[in-house]
Amino acid sequence: GPFKVLIEDEKACARYSGLVIEGVTVKESPTWLKNRLQSIGVRSINNIVDITNYILHETGQPLHAFDADAITGKKLIVKNLPEGTPFVTLDEKERKLFAEDLMICNAEEPMCIGGVYGGMHSGVTATTKNIFLESAWFNPTSIRKTSIRHGLRTDAATRFEKGVDISNTVNVLKRAALMIQEIAGGEIASAIIDVYPDPKPKAEITIKYHYLKKLSGKNYHPEAVKKILTALGFEVLQEGIDELRVAVPYSKPDISIPADLVEEILRIDGLDNIEIPTTITISPAVEVASAKEVIKEKTTQFLVGKGFVEIFTNSITNSQYFTPAVLE
C-alpha cells in the first residue's frame, strides 16, 4: 500500500522503518511462543503482540504493530504536538501530552507515544486484518524524559533509553515480518519503508597501548588487542607503533572514550588474567590545615566539651539564592 512516513523531529527520531502485512489472523499464540515469553515473565496477549515482544528480547530492538486500517490518510508523521493535547493510551487512560513528547500520528490524530506506549484506537485487536509494522530508532534522552513524565516504564522505553542499534532496524523488521507470516498468516503487501534522513557515522576511538597498560595493569600484545576488538565487531581503521584507531559498531552505543575500549578488552580477556602486584607504590600527601580550619576545629571541640551536640544536616536550599549579607 502507498503508506508514507514523514519525520518532522529528526533529532528525536533519526530512523523510521516499516512495512505493511495484509490478511493476518489475530489469535492466541502457539504454545511454544507463550511458554518462551512466560519463562521471562512476559504475559501473552495475542500472536502479533507476542511476536513483537519475543523479537524485542531476542534482538534488543523494540517493535510496534499498528492496525493499518486506523492510519488515516495512510501517513505516519513523527512529530511533537501542542502542550496539553489529550491522548488515550492502551491502558484506557487519558493523558495530557507535553510539548516535548514525540508522537506517531496519522493524517488527523496521534496514534502512539513514540518508543514508549501505544494508543487505544490504533493498536492490534481481535478484528485487525492488516497491520503496519514499525521498527525505529528514537533518541535515548527524549524517550527517558517522556517515559518518566508519564510514569510509563515499558520494555520498549527501557531499551530505547539505553540506546539501540540504529543500523539494525531493517534487519529486525524483516525478521518480524517473516515470523508474523509464519504464525499469523497474511502477506507482505509493501516494500520496506526506510526513512533515514541523516545516516549516523560510526564513532571512532584511538587507544594507546601505554594507556591500556596504565588502566589495566597488564601488557597486551597489539595482535591480542586487535583480535579481541575485531571479534566484538570493531573495525580497525589505523595502526601505529603505540596506538590503534577503531570504528565502534552501531550495536555498542555506550562505547565513546578510550577507557570504554579498555573495559571491553578486560571483559573478554578476563579480570582473573590480571596479575596482582606484590608491592604497591604510593606518594603520601601531607595536608597542612589552614588557620581558618584550625580555629574552626578548636571552636567545635570547645563547644562539644561544654555540652553542645554537633549535627550535620542537608542543605534546605541553594546558598547561591541568597546574598552574602543575608548569609552573615
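Since this is a predicted model, take the numbers as computed values, not measurements. (Residues numbered from 1 in each chain as written. Predicted model: local features only at pLDDT ≥ 70, side-chain atom pairs only at ≥ 80, totals over all residues. Heavy atoms only, no water.)

1. Points about the packing of aromatic side chains
Enumeration over the complete set of coordinates arrives at three aromatic pairs. Seen in terms of ring centroids, phenylalanine 3 and phenylalanine 132 are 5.7 Å apart; in terms of plane orientation they differ by 35°. Their pairing is tilted. One end of the pair, phenylalanine 3, is in the segment before strand 1 (4-7); the other, phenylalanine 132, is in strand 10 (residues 130-138), with 129 residues separating them in the sequence. Both residues of the pair, phenylalanine 3 and phenylalanine 132, belong to the buried class. Ring centres of phenylalanine 138 and phenylalanine 160 lie 5.1 Å apart, and the angle between their planes is 75°; this geometry places the pair in the edge-to-face category. Residue phenylalanine 138 is found in strand 10, and its partner phenylalanine 160 is found in helix 4 (residues 155-160); the two are separated by 22 residues along the sequence. (Phe/Tyr/Trp six-rings, centres within 6.5 Å; stacked < 30°, edge-to-face > 60°. Helix = DSSP H or I, 4+ residues; strand = E, 2+ residues; numbered from the N terminus. Buried < 20%, exposed > 50% of the residue type's maximum accessible area, 1.4 Å probe, protein only.)

2. Some remarks on the sheet that holds strand 9 (residues 117-118)
With mixed pairing, the five strands of this open sheet are ordered in space as 1-4-7-8-9. Since the sheet does not close on itself, it has two edges, and those belong to strand 1 and strand 9, each with one partner. Of the pairings in the sheet, the one linking strand 7 (residues 102-105) to strand 8 (residues 110-113) comprises three bridges and is antiparallel in character. When the sheet's bridge partners are listed, isoleucine 104 is paired in strand 8 with cysteine 112. (Pairing = 2+ DSSP bridges.)

3. Comments concerning a nonpolar patch on the surface
Judged by side-chain polarity, Phe302, Leu303 and Phe308 come together as a nonpolar surface patch covering roughly 330 Å² of accessible area. Checked against the element boundaries, leucine 303 lands in helix 9 (residues 291-305). (Patch = residues over 30% accessible without salt bridge, like charges linked within 9 Å, V, L, I, M, F, W, Y side chains within 5 Å. Areas by Shrake-Rupley, 256 points an atom, 1.4 Å probe, with all protein chains shown as cover. Salt bridge = Lys/Arg side-chain N within 4 Å of Asp/Glu carboxyl O.)

4. Digging into the sheet that holds strand 14 (residues 235-239)
As summarised here, the arrangement of the three strands in space is 13-15-14, forming an open sheet in which the pairing is antiparallel. Looking at strand neighbours, the two that pair on one side only are strand 13 (204-208) and strand 14, the edges of this open sheet. Put simply, the sheet's adjacent strands are angled 25° from each other on average, direction ignored. Note that strand 13 and strand 15 (residues 243-247) share five bridges and pair antiparallel. In the strand pairing of strand 15, isoleucine 207 is matched with leucine 244. (Axes fitted to C-alpha atoms, helices over the stretch in contact; angles between N-to-C directions.)

5. With respect to the pattern of salt bridges
This model, assessed by the stated rule, comprises 14 salt bridges. Residue arginine 95 is joined to aspartate 91 by a salt bridge in which the shortest nitrogen-to-oxygen separation is 2.6 Å. Linking lysine 96 and glutamate 94 is a salt bridge whose minimum nitrogen-to-oxygen distance equals 3.6 Å. Like lysine 96, the residue glutamate 94 is exposed in the burial classification.

6. A word on the layout of surface pockets
Leftover empty space is mapped by rolling, across the atoms, a probe with the size of a water molecule. Put simply, the largest pocket is a space of about 790 Å³. In terms of lining residues, the largest pocket is bounded by 32 residues, among which Ile45, Val49, Asn53, Leu90 and Tyr117 are the most central. With four residues, the top contributor of residues to the lining of the largest pocket is helix 2 (residues 47-59). Classifying every residue of the lining of the largest pocket by side-chain character gives 18 nonpolar, 11 polar and three charged. Reported here for the second largest pocket is a volume of approximately 190 Å³. Residues of the lining of the second largest pocket, tallied by class, amount to 11 nonpolar, two polar and three charged. (1 Å grid on protein atoms, 1.4 Å probe; cavity = no way out; pocket = protein on both sides within 12 Å on 5 of 7 lines; lining within 4 Å. Points joined across faces, edges and corners; volume = space filled by probe spheres on them. Nonpolar A, V, L, I, M, F, W, Y, C, P; charged D, E, K, R; others polar.)

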